[in-house]
Amino acid sequence: RRLSIVVTERELTVAFLKWKKAARVSAFKVEVLDTTGAGDAFNVSFMLSYLKKRFLEKIAELANAVRPLTVSRRGKGAERFPKRYMVKKFLKRS
């Protein structure tokens, strides 16, 4: 794989640069209840998808879906992180 740079921007937008190609994945709009863990959720989902050798555009889309699902839920610790089926359902609706 070639070098990739990923930048999270205002309001959960993700921009990335991958070997002479730049792209931006827009944020999903949700009601924010608690921002605790939003960055962790994004980073973990991004790295897991990256390690599964998915395309960067798909990785960014998945990670970008996990973050708003995390901030729109109440709870403690990892119980706020969405399950895989929740992310798939969210992406189908969006």
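Scroll up for the structure.
This one's a predicted model, so the numbers in the text were calculated from it and none came from an experiment. (Residues numbered from 1 in each chain as written. Predicted model: local features only at pLDDT ≥ 70, side-chain atom pairs only at ≥ 80, totals over all residues. Heavy atoms only, no water.)

Caption draft 1: Representation of the overall build of the protein chain within the structure. When you go through the protein chain residue by residue, the secondary structure sums to three helices and three strands. If you list the helices and strands of the protein chain from N to C, you get β-β-β-α-α-α. Per-residue burial over the protein chain gives 34% buried out of 94 residues. Intrachain contacts of the protein chain at a sequence separation of at least 6 include 52% that bridge at least 24 residues. Looking at the protein chain as shown, the accessible area adds up to about 6600 Å², and 56% of this sits on carbon and sulfur atoms. (Helix = DSSP H or I, 4+ residues; strand = E, 2+ residues; numbered from the N terminus. Buried < 20%, exposed > 50% of the residue type's maximum accessible area, 1.4 Å probe, protein only. Contact = heavy atoms within 4.5 Å. Areas by Shrake-Rupley, 256 points an atom, 1.4 Å probe, with all protein chains shown as cover.)

Caption draft 2: Structural view of the layout of surface pockets. Its volume calculated, the largest pocket comes out at about 520 Å³. What lines the largest pocket is a set of 18 residues, and nearest its centre among them are S45, L48, V66, R84 and V87. Grouping the constituent residues of the lining of the largest pocket by class yields nine nonpolar, two polar and seven charged. (1 Å grid on protein atoms, 1.4 Å probe; cavity = no way out; pocket = protein on both sides within 12 Å on 5 of 7 lines; lining within 4 Å. Points joined across faces, edges and corners; volume = space filled by probe spheres on them. Nonpolar A, V, L, I, M, F, W, Y, C, P; charged D, E, K, R; others polar.)

Caption draft 3: Spatial organisation of the packing of aromatic side chains. The full count for this structure, using the stated rule, is two aromatic pairs. Consider the rings of F28 and F90, whose centres lie 5.0 Å apart with planes at 75°: the pair is edge-to-face. With F28 in the loop between β3 (21–25) and α1 (38–51) and F90 in helix α3 (residues 84–93), the pair connects residues that are 62 residues apart, well separated along the chain. Comparing F28 with F90 shows no difference in burial state: the two are buried. Between the NZ or CZ atom of R67 and the centre of the ring of F42, over which it lies, the distance is 4.5 Å. (Phe/Tyr/Trp six-rings, centres within 6.5 Å; stacked < 30°, edge-to-face > 60°. Lys NZ or Arg CZ within 6 Å of the ring centre and 35° of its normal.)

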